[in-house]
Amino acid sequence: MLSRTADHLYWMSRYMERAENTARMLDVNYQTSLLPQSADKTEKGWKGLLSISELTGDYEKRIGPVTAANVMKYMVSDAANASSIRNCLMAARENARAVRGTLTTEVWETQNQTWLEFQRMVADDAFETDPGDAFEWVKFRSHLSRGVTMGTMLQDEAFHFMRLGSFLERADNTARLLDVKFHGVEREFFGSGPGQSQSQGMNGQLQSQSQGDVKDLEYDFYHWSAILRSVSGFEIYRKVYRNVIRPERVAELMILRRDMPRSLAACMDEVVGNLKMVASDQSGDTLRLAGRLRSDLQYGRIDEILATGLHAYLTQFLERVSTLGVGVSRDFLVPVTA
């Protein structure tokens, strides 16, 4: 396959996955902002969302005050924000248009219709009138895109590059979400400082819950529920663990459970599987890096991860995923010129 074709297919899927993940985070933040809580906690939630996408600096420079309305407009329809849902859907559609001959009619029409319908929704102020419904629409269109790909595309190299892009992007976004959400809660609830490990902080949180104050427990429950719902994991958590929502269990589900579709382990299983299907003579190092990362997740234990520090673990994971993405680009895609 030509590297330019592979590049378009890979980035088409990455941008579609990024749009979905942005919609998920915005939806959960919007829903939790409606709960009874202080203005300070609400503002921290929106700042955390900007931090996940590393957009805090750009937002503060161009927009200014952090409010729900400002952040949602910035993340949904801001043409100058490369990570906005608008720009992700437009980029997905443009990459699809460039390789129409490689896609089935159904895949192309899904991408094209999504972009056209999104423009109509922005013009009709759908994201301001009913944000929850609009975000569900974005998620549904991403589900539809993957489903049409699975159901109509020949499972050749084109198919595998599309899947590779989807799961690399999903792994990156899940790790970012976990890092920001756990890091913020660690400071607020667990009280872990430089000399206190994250596992100690969690133990302290569980002890304080046993003494606890109903209001804090309610907020804690909704916080962890929101994190789970952002990755469609709330019902899965209940089915797997059958007990109250505990931070270490949430981390285990989203990092190590290979049967959880959006977990880091599940994403890396897919990345390695699809890399093997497109492997070439020059991609050995990239496949080795992916395999080592998958093995670390396959044989990892959550207590060991928490003991060494979740933030440090996720920071290293993101660095390794970034290195893996560079390797994929170098081995298969259009070279990035300075």
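Residues numbered from 1 in each chain as written. Predicted model: local features only at pLDDT ≥ 70, side-chain atom pairs only at ≥ 80, totals over all residues. Heavy atoms only, no water.

### With respect to the overall build of the chain
Now for step 1: Per the secondary structure count, the chain includes 17 helices and zero strands.
Now for step 2: The long-range fraction of contacts in the chain, counting pairs at least 24 apart against all pairs at least 6 apart in sequence, stands at 66%.
Now for step 3: For the chain, the exposed area adds up to about 15,800 Å²; of that, 50% sits on carbon and sulfur atoms. (Helix = DSSP H or I, 4+ residues; strand = E, 2+ residues; numbered from the N terminus. Contact = heavy atoms within 4.5 Å. Areas by Shrake-Rupley, 256 points an atom, 1.4 Å probe, with all protein chains shown as cover.)

### Focus on the side chain of Asn 81
Now for step 1: Mapping Asn 81 onto the fold places it in the loop between α4 (68-76) and α5 (85-98).
Now for step 2: Each residue touching Asn 81, except ones within four places of it in the same chain, is listed here: Leu 55, Arg 62, Tyr 74, Met 75 and Asn 87.

### Some words on the packing of α5 against helix α6 (residues 105-123)
Now for step 1: For the pair α5 and α6, interaxial distance at closest approach is 9 Å and the crossing angle is 145°. In this structure, α5 crosses over α6, and the sense of that crossing is left-handed. Taken together, the residues of α6 that come into contact with α5 (itself represented by Ile 85, Arg 86, Leu 89, Met 90, Ala 92, Arg 93, Ala 96 and Arg 97) are Trp 108, Gln 111, Asn 112, Thr 114, Trp 115 and Phe 118.
Now for step 2: For the contact of α5 with α6, the residue count by class is eight nonpolar, three polar and three charged. (Axes fitted to C-alpha atoms, helices over the stretch in contact; angles between N-to-C directions. Left-handed = near helix turned anticlockwise from the far one by under 90°. Nonpolar A, V, L, I, M, F, W, Y, C, P; charged D, E, K, R; others polar.)

### A closer look at the environment of Leu 116
Now for step 1: With respect to the secondary-structure elements, Leu 116 resides in helix α6.
Now for step 2: For Leu 116, a relative accessible area of 47% corresponds to the partly exposed category.
Now for step 3: Residues Leu 116 and Met 90, 26 residues apart in the sequence, show an inter-C-alpha distance of 9.2 Å. (Buried < 20%, exposed > 50% of the residue type's maximum accessible area, 1.4 Å probe, protein only.)

### Some details on the packing of aromatic side chains
Now for step 1: Counted by the stated rule, this structure contains nine aromatic pairs.
Now for step 2: Centroid distance Trp 115 to Phe 118: 6.3 Å. Interplanar angle 20°. Geometry classified as stacked. Of this pair, Trp 115 and Phe 118 both sit in helix α6, separated by three residues, roughly a single helical turn. Residue Trp 115 shares its accessibility class with Phe 118, and that shared class is buried.
Now for step 3: When the ring of Tyr 237 is compared with that of Tyr 241, the centres are 4.9 Å apart and the planes differ by 45°; the resulting orientation is tilted. Here Tyr 237 and its partner Tyr 241 are both found in helix α12 (residues 234-241), four residues apart, which amounts to about one turn of the helix. Residue Tyr 237 shares its accessibility class with Tyr 241, and that shared class is buried.
Now for step 4: We note Arg 229 situated over the ring of Phe 234; from NZ or CZ to the ring centre the distance is 4.0 Å. (Phe/Tyr/Trp six-rings, centres within 6.5 Å; stacked < 30°, edge-to-face > 60°. Lys NZ or Arg CZ within 6 Å of the ring centre and 35° of its normal.)

### Considering the confidence of the model for the chain
Now for step 1: When pLDDT is averaged along the chain, the result is 87, and 88% of the positions lie at 70 or above.
Now for step 2: Looking across the chain, the model is least confident in helix α10 (residues 198-211), with a mean pLDDT of 44, and most confident in α5, with 98.
Now for step 3: Segment residues 188-215: pLDDT under 50, and 36 contacts once partners within four positions in sequence are set aside and those in other chains are kept. (pLDDT = per-residue confidence, 0-100.)

### Considering the side chain of Ser 225
Now for step 1: One can find Ser 225 in helix α11 (residues 214-230).
Now for step 2: In this structure, Ser 225 is in contact with Phe 234 and Ile 245, ignoring residues within four places of it in sequence.

### A few points about the environment of Leu 306
Now for step 1: Among the secondary structure elements, Leu 306 is positioned in helix α16 (residues 302-308).
Now for step 2: For the pair Leu 306 and Glu 252, spaced 54 residues apart in sequence, the C-alpha separation works out to 9.8 Å.

### Description of the packing of helix α1 (residues 3-33) against helix α8 (residues 131-152)
Now for step 1: At a minimum axis separation of 9 Å, α1 and α8 run at an interaxial angle of 155°. Viewed along their axes, α1 and α8 adopt a mutual orientation that is roughly antiparallel. The handedness of the crossing between α1 and α8 comes out as left-handed. Within the contact between the two elements, α1 uses Met 16, Glu 17, Ala 19, Glu 20, Ala 23, Arg 24, Leu 26, Asp 27, Tyr 30 and Gln 31 and α8 uses Pro 131, Gly 132, Phe 135, Glu 136, Val 138, Lys 139, Arg 141, Ser 142, His 143, Ser 145 and Arg 146.
Now for step 2: Here the contact of α1 with α8 is composed, by residue class, of eight nonpolar, five polar and eight charged. (Parallel < 35°, antiparallel > 145°, perpendicular 65-115°, else oblique.)

### Some remarks on unusual backbone geometry
Now for step 1: A positive phi is found at Glu 54, a non-glycine position, where the angle reads about 55°.
Now for step 2: By the secondary structure assignment, Glu 54 is in the loop between α2 (39-52) and α3 (56-62).

### Some remarks on the pattern of salt bridges
Now for step 1: Taken as a whole, this structure holds 28 salt bridges when the rule is applied.
Now for step 2: Of the charged contacts, one joins Lys 47 and Glu 43 as a salt bridge, the two residues approaching to 3.1 Å between their closest N and O atoms. Here Lys 47 and its partner Glu 43 are both found in helix α2, four residues apart, which amounts to about one turn of the helix.
Now for step 3: Look at Lys 47 and you get partly exposed, because its relative accessible area is 41%.
Now for step 4: Across the pair Arg 320 and Asp 296 runs a salt bridge whose closest N-O atoms are separated by 2.8 Å. Taken together, the residues Arg 320 in helix α17 (residues 310-332) and Asp 296 in helix α15 (residues 284-298) connect sequence positions 24 residues apart.
Now for step 5: The class of Arg 320 is partly exposed, set by a relative accessible area of 27%.
Now for step 6: One connected set of salt bridges, linked through shared partners, spans Glu 17, Glu 20, Arg 24, Arg 146, Arg 170 and Arg 262. (Salt bridge = Lys/Arg side-chain N within 4 Å of Asp/Glu carboxyl O.)

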